[in-house]
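Listed below, chain by chain, are the residues.
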Amino acid sequence: MAGKSEPIISVVPNNEGKEAFKKSENVAFYRRQIQGPNLKYRLLLDTLVLTEKGASFELLEDTTKTRLLLSLTPCKNDTVRIIIDEVCPIKAHYRVPDVLTGEPPSEQLRVESKTKDSITLSWSSGQYQVRVWHLPFRLEVLCDQEVIVTFNSKDKLWFESLQNPPGELQEDKNSLWKETFRNFVDIKANGPSSLGADFCLHGFRHVYGLPQHTDRLLLRDTSDGEPYRLYNLDVFAADLYSRLGLYGSVPLMVAHKPDRTIGVFWLNASETFVNIQYSPTDHQDDQTPPMKRRRLRPQTDVQTDVHWLSESGVIDCMILLGPRPQQLFKQYALLTGYQAMPPLFSLGYHQCRWNYNDEADVKAVDAGFDRHKIPYDVIWLDIEHTDGKRYFTWDSAHFPKPVALQQHLEKKKRKMVVISDPHIKVDPDWPLYREARDGGHFVKDREGQIFRGTCWPGESSYLDCSRPATRAWYSRCYSFDKYKGSTASLFVWNDMNEPSVFNGPEQTMPKDAVHHGGWEHRELHNLYGFYQHMATMEGLISRSGGLERPFVLTRSFFAGSQRLGAIWTGDNIATWEYLKISLPMVLTLNLTGIAFCGADVGGFVKDPDPEMLVRWYQAGALQPFFRGHSANDTKRREPWLFGEEVTAAIRTAIQQRYCLLPFWYTLFHYAHTSGFPPVRPLWVEFPKEESTFSEDTQYMIGGALLACPVTEPGAQTIKVLLPGSDEIWYDICSAKAYKGGKSLSLPVNLDTVPVFQRGGSVVCRSTGSGTCTADYQKLPLDVTVALNSKASADGELYLDDGHSFEYRDKKAFALRKFSMLSGRLLCRSASEEGRFDCETVIQSVTIMGVKSKPSTVNIHVSGTKSISASFEFLEACCMLKLNNLNLSVMMDWDLQIN
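Reading guide: rules and limits
Sequence order as written defines residue numbering, which begins from 1 separately in each chain. The model is predicted, so local features are restricted to residues of pLDDT at least 70 and side-chain atom pairs to those at 80 or more, both for listing and for counting; the totals for chains, interfaces and linings are taken over all residues. Calculation of side-chain values draws on the structure's entire complement of heavy atoms; hydrogens and water are dropped beforehand. Helix and strand definitions here come from DSSP, where helices need a minimum of 4 consecutive H or I residues and strands a minimum of 2 consecutive E residues; each element is numbered from the N-terminal end. For the radius of gyration, the atoms used are the C-alpha atoms, and the globule rule reads 2.2 Å times the number of residues raised to 0.38. Accessibility here uses a 1.4 Å probe with only protein chains present; expressed as a share of the type maximum, an area under 20% marks a residue as buried, one over 50% as exposed, and anything in between as partly exposed. In what follows, a contact means two residues having at least one pair of non-hydrogen atoms within 4.5 Å. To measure how exposed things are, a 1.4 Å probe is used in the Shrake-Rupley method; for residues, cover is taken only from the protein chains shown. Positive charge is attributed to Lys and Arg, negative charge to Asp and Glu, and no charge count is given to His or to the chain ends. Here the site of a charge means NZ on Lys, CZ on Arg, CG on Asp, or CD on Glu. When DSSP finds two or more bridges between a pair of strands, those strands are recorded as paired. An axis is simply a line fitted to the C-alpha atoms; with a helix, the fit covers only the stretch in contact. Between two such axes, the angle follows the N-to-C directions and lies from 0 to 180 degrees. Angular relationships are summarised with four words: roughly parallel below 35 degrees, roughly antiparallel beyond 145, roughly perpendicular across 65 to 115, and oblique for the angles in between. Crossing handedness follows the turn of the near helix against the far one: under a right angle anticlockwise gives a left-handed crossing, and clockwise gives a right-handed one. All amino acids are sorted into three groups, where Ala, Val, Leu, Ile, Met, Phe, Trp, Tyr, Cys and Pro are nonpolar, Asp, Glu, Lys and Arg are charged, and the leftover types, Gly among them, are polar. Cavity and pocket criteria rest on a 1 Å grid covering protein atoms alone: a 1.4 Å probe that fits but cannot get out defines a cavity, protein on both sides within 12 Å along at least 5 of 7 lines defines an open pocket, and an atom within 4 Å of a point defines a lining residue. Grid points are joined across faces, edges and corners, and a volume is the space filled by probe spheres set on the points. A pair of aromatic rings is counted whenever rings of Phe, Tyr or Trp (Trp by its six-membered ring) have centres within 6.5 Å, and the orientation is called stacked for planes under 30 degrees apart, edge-to-face for over 60 and tilted otherwise. Charge over a ring is defined by NZ of Lys or CZ of Arg lying within 6 Å of the ring centre and within 35 degrees of the ring normal. Residues enter a nonpolar core if they are buried and are Ala, Val, Leu, Ile, Met, Phe, Trp, Tyr or Cys, with the set joined through side-chain atoms within 4.5 Å. Here a polar contact is recorded for every N or O atom pair within 3.5 Å, except that within protein the pair must consist of a potential hydrogen donor and a potential acceptor, and residues adjacent in sequence are included only if both atoms are side-chain atoms. Should a side-chain nitrogen of Lys or Arg be within 4 Å of a carboxyl oxygen of Asp or Glu, the pair is scored as a salt bridge.

Undergrad: Could you clarify how one ought to interpret the overall build of the chain in this entry?
TA: Along its length, the chain carries 16 helices and 51 strands. The C-alpha radius of gyration of the chain comes to 28 Å, within 12% of the 29 Å expected for a compact globule of 898 residues. Projected onto its principal axes, the C-alpha positions of the chain cover 90 × 75 × 50 Å. Evaluated residue by residue, the chain yields a buried proportion of 62% over its 898 residues. In the chain, 71% of the contacts between residues at least 6 apart in sequence involve partners at least 24 apart. Working note: accessible area of the chain is about 32600 Å², and carbon and sulfur atoms make up 51% of it. Across the chain, the 100 positively charged side chains and the 108 negatively charged ones have centroids separated by 3 Å.

Shown next as structure tokens:
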């Protein structure tokens, strides 16, 4: 094989423009449901059975004689699950496996009241109830006697029964069993099998979620256009503000109003559409003042109607009842899993390009970061590093010594990431292909033969990672003895895993391809990338014997992908509009559990001008995943290629990211343990302030920092909304204090990145400089205290070794709490559970909002006498600074301002 490297030119395939992709009018099941008869189901009250897991009823549709089984389960943590299936299907409908972390623990139901038309059920304390109505069938979820959600409020319940195929398929272009799009024919093995349901969200006029779309944070009313489509597709350089499908899907919608946040999770992995209708519709004009809008119509008339339509499976939906945003995040994490705790290096800066040419190129780029004193942690290799696009191999001409190359980086505590896609080159002379073929690891076509499509290597077959044995085999491919040239400092990037099939319908796999268990691809399309991500993650954990945390980036994703690693927003373009849209795209992902995400800095295609590149670095440094990436037909854009002014601005942005790593790492600890997203729309922190509900040009990092990246060319001023009339906000550069509840117009230049620290918070930063996260881990800390109007503040700092699972298995971690009240700052343990030894010290404490110069400041370390500390007071900005403290972060100490 060594001599077989062939010259394959990699170019972005001609996808024939956006005509390659369907709109809703091209989808038969969508047309059937939208145009079809409004079926009226009745619930047969006398079929009630109270079960161990809740209750069940039968539903009957008189016209079609369809009989359905409704299962109702109240889960602990205030979640209600609704499952609807056929009473007696001729074969089982597909139910999504592996996404939920387990069967949600259930509560016992009881009958609260009964009439001839309805039954009211309650559980636990009785605060929440479910009321079901006989005819027309309705299901209401109530809290304290108030209806929050109504299921089937507009009689959109739709469930097509599975059928045995007819003797021969009709020849017309689009029979119920056969569907044609362009020159692609889709044969449906079970006939039409679609389903749908509608929900009325009472009192709500703002809904969010449903990634992935190149759209604003607040979802739009779809009455006058396309529905939101959830169907994972390789859409190169997608149109902005589009509701068509992109690389990943999370079927979670979050609704918010001042006194409640709820969610609807639609657990279905087939092609799905979502229609949204706001009532009244006037709120779409976000310029109307909230008070004036409220007078237009009583709040009781406000509602949002949501209609979900999926191609197959069963109706399996969960209503998350909040009521606060933080409770909703926890409820969702308990269902689909918490964000994986990333290794610390992966929160640093990543440098990527399609492609770095050879080992000398990699070493030169690596040296360039050192020469220009710009920290970074990871360099990435795209598809050209392989032998003819055969993954798990190396191009022997350009990367002849991959182990030595990784060791060169590892000596500097840096890592490498390589790409590994799910398509396998058809090459009977390649042992890995033969192994996959002979082991039954490939998806099959509808005739039962191994499916073949084209991708980067040319003719390819596609791994079927929905099969547990295939996932296990694929995981073993990452072992050091099988993946020659790999070391412990090599990590992985799963791309093209929607899956991308250049010659397939919509550039993906035909829906009638067949997976493990005989399931058609249509049933689990949106899970394809999720399963490859899972197998890769398990491979990296297995190669370390379960000791080391993996890092795997994926392009395609589904609900639950957060527990496997990171995602990015895909192939973006170097335009200001794409920079701007990256903010709401990342916020939407965070709202729906995918915390570790970011957008390619600088844009993947086309060439950014220097100003745009600087602004993108500044914005990217304030997103969870921070990677610069560019396509092979763009000009090189390492940070030092645009002159010293640009280099200096990019250096500052990256250095500030590294200094904030203790804060970011602490936020990921909370994402991992509580489900709280690291970056949050303003309304999450200010749930009663309607001015924040549609804001997506600025956002919160944790509860402490407000970021407002500059995303306009030539900006000289920027408008910043500082929420909370009782809040104080401090400019982190000048320490100037601003009162909340108003908008500011701030002057900006190329170096300005508006970030404000919230009064009442404490943020820990590294002080000094280094070349990568391993250096910054050893640096002393500065503790910045921002006092609120009550002169108090608190915050936490999480510490562990940054790479292993010892924090989980041996409780080798520390959580330290900083609290300031009445002029006294305390450092204490915030967890009795963890034990961690480290030499990190606090070098300085900065307190913003100190009204007058203290007479003395005393420090008392537990077990020693108090000592007087020298300090500096900056009267102009009311800031107190204490330097050269050398206080162990693991010790308890007090700092008293007199």
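Having seen the structure, we can now continue with the description.
Undergrad: It is not clear to me how the sheet that holds strand β25 (residues 453–455) should be interpreted in this structure. Could you clarify?
TA: Two strands in a sheet stick together by hydrogen bonds in their backbones, pointing the same way (parallel) or opposite ways (antiparallel). Taken in spatial order, the three strands make up an open sheet running β24-β26-β25, and their pairing is antiparallel. The open sheet has two edge strands, β24 (423–425) and β25, and neither has a second partner. Averaged over all pairs of adjacent strands, the angle between strand axes in this sheet comes to 60°, irrespective of strand direction. As paired elements, β25 and strand β26 (residues 458–462) share three bridges and run antiparallel to each other. Bridging from a neighbouring strand, Cys 455 pairs with Gly 458 of β26.

Undergrad: Which parts of the structure should I look at to understand the sheet that holds strand β23 (residues 415–419)?
TA: Strand order in the open sheet made by the eight strands is β30-β29-β28-β27-β23-β22-β21-β31, with parallel pairing throughout. A single partner strand is all that each edge strand has here, and the edge strands are β30 (597–598) and β31 (626–628). By the bridge criterion, two bridges tie strand β28 (residues 552–554) to strand β29 (residues 566–568) in an arrangement that is parallel. Counted as the bridge partner of Thr 554 is Ile 567 from β29. Seen against the sheet, helix α5 (residues 402–410) touches β22 (378–381), β23 and β27 (490–494) and runs at an angle of roughly 140° to β23.

Undergrad: Explanation requested: unusual backbone geometry in the structure shown.
TA: Glycine aside, residues mostly have negative phi angles, and peptide bonds mostly take the trans form. Of note, the bond from Leu 135 into Pro 136 is cis; its omega dihedral lies within 30 degrees of zero at -10°. Tracing the chain through its elements places Pro 136 in the loop between β7 (128–133) and β8 (138–143). Along the chain, Ser 279 connects to Pro 280 via a cis peptide bond; the corresponding omega equals -10°. Structurally, Pro 280 can be placed in the loop between β18 (272–279) and α2 (290–296). Positive phi values are uncommon outside glycine, yet Asn 77 reaches one of about 65°.

Undergrad: What's the story with the packing of helix α7 (residues 468–476) against helix α9 (residues 528–543) in this structure? I'm lost.
TA: Two measures define how a pair of helices packs: the angle their axes make with one another and the distance between the axes. With their axes 8 Å apart at the nearest point, α7 and α9 run at an angle of 45° to one another. As far as their axial angle goes, α9 and α7 are oblique. Crossing geometry of α7 relative to α9 is assigned as right-handed. Seen from α7, the contacting residues are Arg 471, Tyr 474 and Ser 475; seen from α9, they are Tyr 531, Gln 532, Met 534, Ala 535, Thr 536, Glu 538 and Gly 539. Residues of the contact of α7 with α9, tallied by class, amount to four nonpolar, four polar and two charged.

Undergrad: In this structure, what is going on with empty space enclosed by the protein? I would like to understand it.
TA: To find leftover empty space, one rolls a probe the size of a water molecule over the atoms. Applying the stated criterion to the full structure yields nine cavities of 30 Å³ or more. Empty space within the second largest cavity amounts to approximately 100 Å³. In terms of lining residues, the second largest cavity is bounded by 15 residues, among which Phe 329, Ala 333, Gly 593, Gly 675 and Phe 676 are the most central. Within the residue set of the lining of the second largest cavity, elements represented by two or more residues are α3 (325–336) and α10 (576–591). Residue contributions to the lining of the second largest cavity peak at three residues, all from α3.

Undergrad: Help me out: how do you make sense of the packing of aromatic side chains in this one?
TA: Counted by the stated rule, this structure contains 44 aromatic pairs. Ring pairing ties together the aromatic residues Phe 345, Trp 380, Phe 491, Trp 493, Phe 551, Trp 568, Phe 596, Phe 625 and Phe 668, which thus form one cluster. Between the NZ or CZ atom of Lys 511 and the centre of the ring of Tyr 231, over which it lies, the distance is 5.2 Å. Here the basic side chain of Arg 543 rests over the ring of Phe 491, its NZ or CZ set 5.3 Å away from the ring centre.

Undergrad: So what exactly am I meant to see when it comes to the nonpolar core here?
TA: One recurring pattern in soluble globular proteins is that nonpolar side chains are buried together. The biggest cluster of nonpolar side chains holds 224 residues, and the ones touching the most others in it are Phe 151, Leu 201 and Phe 265. Each residue touching Leu 201, except ones within four places of it in the same chain, is listed here: Ile 148, Val 149, Val 207, Met 253, Ala 255, Ile 262, Val 264, Gln 303, Thr 304 and Val 306.

Undergrad: Is there a simple way to think about the side chain of Ser 674 in this case?
TA: Mapped onto the elements of the fold, Ser 674 is located in helix α13 (residues 661–674). For Ser 674, a relative accessible area of 16% corresponds to the buried category. Filtering out sequence-adjacent residues up to four positions away, Ser 674 remains in contact with Phe 329, Lys 330 and Tyr 338.

Undergrad: Looking at this model, I keep getting lost on α7. Mind explaining?
TA: Because the α-helix completes a turn every 3.6 residues, residues three or four places apart line up on one side. Listed as buried for α7 are Thr 470, Arg 471, Trp 473, Tyr 474 and Ser 475. Elements in contact with the buried residues of α7: α6 (431–438), β27 and α9.

Undergrad: Where do I start with helix α11 (residues 610–620) in this structure?
TA: Of all the eleven residues making up α11, nine are buried; the element is thus mostly covered by neighbouring parts of the structure. Those residues of α11 lying buried are Met 612, Leu 613, Val 614, Arg 615, Trp 616, Tyr 617, Gln 618, Ala 619 and Gly 620. Elements in contact with the buried residues of α11: β21 (349–351), α10, β31, α12 (644–659) and β33 (699–701). Backbone nitrogen of Glu 611 and a side-chain oxygen of the N-cap are separated by 3.1 Å at the start of α11; the cap is Asp 609.

Undergrad: Looking at this structure, how should I read the pairing of strand β46 (residues 857–861)?
TA: Moving residue by residue along a regular strand, the side chains alternate between the two faces of the sheet. The two faces of β46 differ: Val 857, Ile 859 and Val 861 on one face are buried, but Asn 858 and His 860 on the other face are not. Of the pairings in the sheet, the one linking β46 to strand β47 (residues 867–869) comprises three bridges and is antiparallel in character. By the bridge assignment for β47, Val 857 is matched with Ala 869. Two successive antiparallel strands, β46 and β47, enclose a turn made up of five residues, where Gly 863 displays a positive phi of approximately 85°. Across five bridges, the pairing between β46 and strand β51 (residues 893–897) is antiparallel. Within β51, the residue paired with Ile 859 across the bridge is Leu 895.

Undergrad: Whenever I open this one, the environment of Cys 597 confuses me. Can you help?
TA: Residue position: Cys 597 is located in strand β30. Its relative accessible area of 0% is what places Cys 597 among the buried residues. Remark: the alpha-carbon pair of Cys 597 and Phe 625, spanning 28 residues in sequence, is separated by 4.9 Å. Residue contacts for Cys 597: discarding those within four places in its chain leaves Ile 567, Val 586, Leu 589, Asn 590, Gln 623, Pro 624 and Phe 625.

Undergrad: Help me understand the pairing of strand β9 (residues 146–151), please; the structure alone is not making it clear to me.
TA: Note that β8 and β9 share five bridges and pair antiparallel. Within the sheet, the bridge partner assigned to Leu 139 lies in β9 and is Phe 151. A loop of two residues connects β8 with β9, the two strands running antiparallel in sequence, and Asp 144 in this loop sits at a positive phi of about 50°. With three bridges connecting them, β9 and strand β13 (residues 195–202) associate as antiparallel partners.

Undergrad: What exactly am I supposed to notice about the environment of Asp 571 here?
TA: Positionally, Asp 571 belongs in the loop between β29 and α10. Those residues in contact with Asp 571, other than ones at most four positions away along the chain, are Asp 234, Phe 236, Ala 237, Tyr 247, Arg 555 and Phe 604. A distance of 3.4 Å separates the side chain of Asp 571 from the side chain of Arg 555, its partner in a polar contact.

Undergrad: Is there a simple way to explain the pattern of salt bridges in this structure?
TA: Side chains bearing opposite charge may pair, as long as their charged atoms lie close to each other. In this structure the tally under the stated criterion is 60 salt bridges. What emerges from the salt-bridge pattern is a single network uniting Glu 179, Asp 186, Lys 188, Arg 229, Glu 271, Glu 311, Glu 506, Lys 511, Glu 520 and Arg 522.

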